[in-house]
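# Coordinate inspection notes
What follows is each chain in one-letter form.
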Amino acid sequence: MALHDCLSTFFVLAVCSMTTTAIDNGFGRTPPMGWRSWNQFQCAINQTLIERSYELLADRSRAVNGQPTSLVDLGYKTAGIDDCWQKCNSGPGDKGFHNASGYPIVDTTVFPDFKGMTAKARSLNIIPGWYGNNCHCADHTCGGPECFKGDVQATLDYGFSSIKLDGCGIEKNITLYSQLFNATGVPVMLENCHNGNPTTPTRLSDGSVDCPMNFFRSSTDIRPTFGSVLSNLESTIQFNGKNLTGPGCWAYPDMLEVGVTNSQRAGMRTLSHNEARAHFGAWCIVSAPLVLGCDLRDNATIDSIWDIISNRVAIKVNQAWYGDAGIRVKASGPQVSFLNCNWSNTPCVHEAVWVWRKHVSPIETAVLIMNNAERAAEISVTEIELGIRCPDNGCRAYDIWQQKDVHNMKTIIQANVASRDTAFYLLTHS
């Protein structure tokens, strides 16, 4: 049996679950997958664009292993508006975007029929999502209990089943939001984007983890540059390495920039194919939510990244749970400098070589070997560094990018990795 076939027997197994105090909604037992509008479009969105994106998520004009397959079929089921639906300065005193009762006010010139839009999503087996405590024309006036209740009620009234709660407005209390949503009895997936109270999960005195959200932003906002990808990836270490993440509570270094063609800065290039593949593999190995941010209408771009985002074994590694969310086990080599690593265009420096590991079953481990340098490199990692033990004839290795079994690897695993690219293996060991 090929290694990728073996994955189906274990990838949803939870054998070492953490004890959490969390929102009780049944969502996020595996890292959420889907699409959001911000990375490509920012505020240049409307209902027509979102509904067309729903249709394209469900489109089966492309294939995986010869079978017509949609992004929804692959698991990308949560699709959300990311800001810019609200009617700015429409509240009392021409401030904010909540009415006097705390109910949010929609800009109906842009989104005339939220109920119809979410009904369309559901007809395509898509979970519709939206966005609160917005950053565009942030509301700094409506912060009372009625405003939180208004947001929750509007979410239900309009038919949304997920919400991203940002940290730009005055409503910064994810615990209150989770309590209010729990009280409705209607499951709604919560994303905490620096919302607050808490911003990230915390360890309680009894050893349990307080995580009143399904996933939380571990990083600053991502950019479509390799330096930004690496910096955001590193943000997961403090959570995955301390067992603060797992089913129902995932560290999220922001949306994927794979296929995003909007550089957000004049003259700045976006990710190359190698960089995009490294980016996707990195998010997979650390169990990060896989949320696409590209223009799904751009057929040429989607064709160019289809081999990356449709890789079923990479996705299954991401979705697997065997008590290990994925950690970095090696950072070595010379320091490499990168430009435009965040929204302030700050440069950053990272090691040339990173190796990440995720145990996905008692006898199988995923390994991502990253070459962050400008030249190809021969990179090695030992079974001791990976925390595994290979049998005498070596660990059986499945090359996830090449989608084939390769030679057995013994005590030292070696790979020749192109510049700003990765080698991605699934190893079977003792």
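Everything in this summary refers to the structure shown in the same document. Computed from a predicted structure; not experimentally measured. (Residues numbered from 1 in each chain as written. Predicted model: local features only at pLDDT ≥ 70, side-chain atom pairs only at ≥ 80, totals over all residues. Heavy atoms only, no water.)

Spatially, eight strands are ordered β12-β11-β8-β7-β6-β5-β2-β13 in an open sheet, and the strand pairing comes out parallel. Whereas interior strands pair on both sides, the edge strands pair on one side only; in this sheet they are β12 (250-252) and β13 (290-292). Each strand axis lies, on average, 25 degrees off the axis of its neighbour in the sheet, ignoring direction. Alignment of strand β5 (residues 78-80) against strand β6 (residues 127-132), held across three bridges, turns out to be parallel. Following the sheet pairing, alanine 79 is matched in β6 by proline 128. (Pairing = 2+ DSSP bridges. Helix = DSSP H or I, 4+ residues; strand = E, 2+ residues; numbered from the N terminus. Axes fitted to C-alpha atoms, helices over the stretch in contact; angles between N-to-C directions.)

Looking now at the state of the cysteines. Enumeration according to the criterion identifies seven disulfides in this entry. Between the sulfur atoms of cysteine 43 and its disulfide partner cysteine 84 the distance amounts to 1.8 Å. The S-S bond linking cysteine 43 to cysteine 84 shows a torsion near -50 degrees; that makes this disulfide left-handed. Of the two residues, cysteine 43 is situated in the loop between α2 (38-41) and α3 (47-57) and cysteine 84 in the loop between β5 and α5 (114-123); the sequence distance between them amounts to 41 residues. Cysteine 135 shares a disulfide with cysteine 168; S-S distance 1.8 Å. One quick way to see it: the torsion about the S-S bond of cysteine 135 and cysteine 168 is about 65 degrees, and its sign makes the bridge right-handed. One end of the pair, cysteine 135, is in the loop between β6 and α6 (145-158); the other, cysteine 168, is in the loop between β7 (162-165) and α7 (174-184), and 33 residues separate them in sequence. Residue classification places cysteine 135 among the partly exposed positions, given a relative accessible area of 31%. Among the residues examined, cysteine 168 registers a relative accessible area of 29% and is labelled partly exposed. (Disulfide = S-S within 2.5 Å. Buried < 20%, exposed > 50% of the residue type's maximum accessible area, 1.4 Å probe, protein only.)

Counting 116 residues, the largest nonpolar core has Tyr76, Phe114, Phe280, Ile309, Ile369, Phe424 and Leu427 as its most contacted members. Each residue touching isoleucine 309, except ones within four places of it in the same chain, is listed here: Leu71, Leu74, Tyr76, Val258, Phe280, Leu292 and Ile315. (Core = buried A, V, L, I, M, F, W, Y, C linked by side-chain atoms within 4.5 Å. Contact = heavy atoms within 4.5 Å.)

Below, the discussion takes up the pattern of salt bridges. Side chains bearing opposite charge may pair, as long as their charged atoms lie close to each other. The final tally for this structure, using the stated rule, is 17 salt bridges. In this structure, the salt-bridge partner of arginine 62 is aspartate 303, at a minimum N-O distance of 2.7 Å. Of this pair, arginine 62 sits in the loop between α3 and β3 (63-64) while aspartate 303 sits in helix α11 (residues 299-309), and the two are 241 residues apart along the sequence. When its relative accessible area of 15% is taken as the criterion, arginine 62 is described as buried. Classification of aspartate 303 as partly exposed rests on a relative accessible area of 48%. Between lysine 164 and aspartate 82 there is a salt bridge, with its nearest N and O atoms 2.8 Å apart. In this pair, lysine 164 is assigned in strand β7 and aspartate 82 in the loop between β5 and α5, connecting sequence segments 82 residues apart. Side by side, lysine 164 and aspartate 82 carry an identical accessibility label, which is buried. Here the salt bridges do not stand alone but share partners, grouping Arg269, Glu275, Glu374 and Arg420 into one network. (Salt bridge = Lys/Arg side-chain N within 4 Å of Asp/Glu carboxyl O.)

Reading across the sheet, the six strands line up as β14-β15-β16-β21-β18-β19 and stay open at both edges, with antiparallel pairing between neighbours. With one partner strand each, in any of the chains shown, β14 (327-338) and β19 (404-409) form the two edges of the open sheet. Each strand axis lies, on average, 25 degrees off the axis of its neighbour in the sheet, ignoring direction. Pairing of strand β16 (residues 364-371) with strand β21 (residues 421-428) involves eight bridges; the strand directions are antiparallel. Of the residues in β21, the one forming a bridge with isoleucine 369 is alanine 423. Contacts between helix α8 (residues 226-234) and the sheet are confined to β14, β15 (348-361) and β16, with β15 contributing the most and set at about 50 degrees to the helix. Relative to β15, helix α12 (residues 312-319) is tilted by about 80 degrees, and along the sheet it contacts β15, β16, β18 (395-399) and β21.

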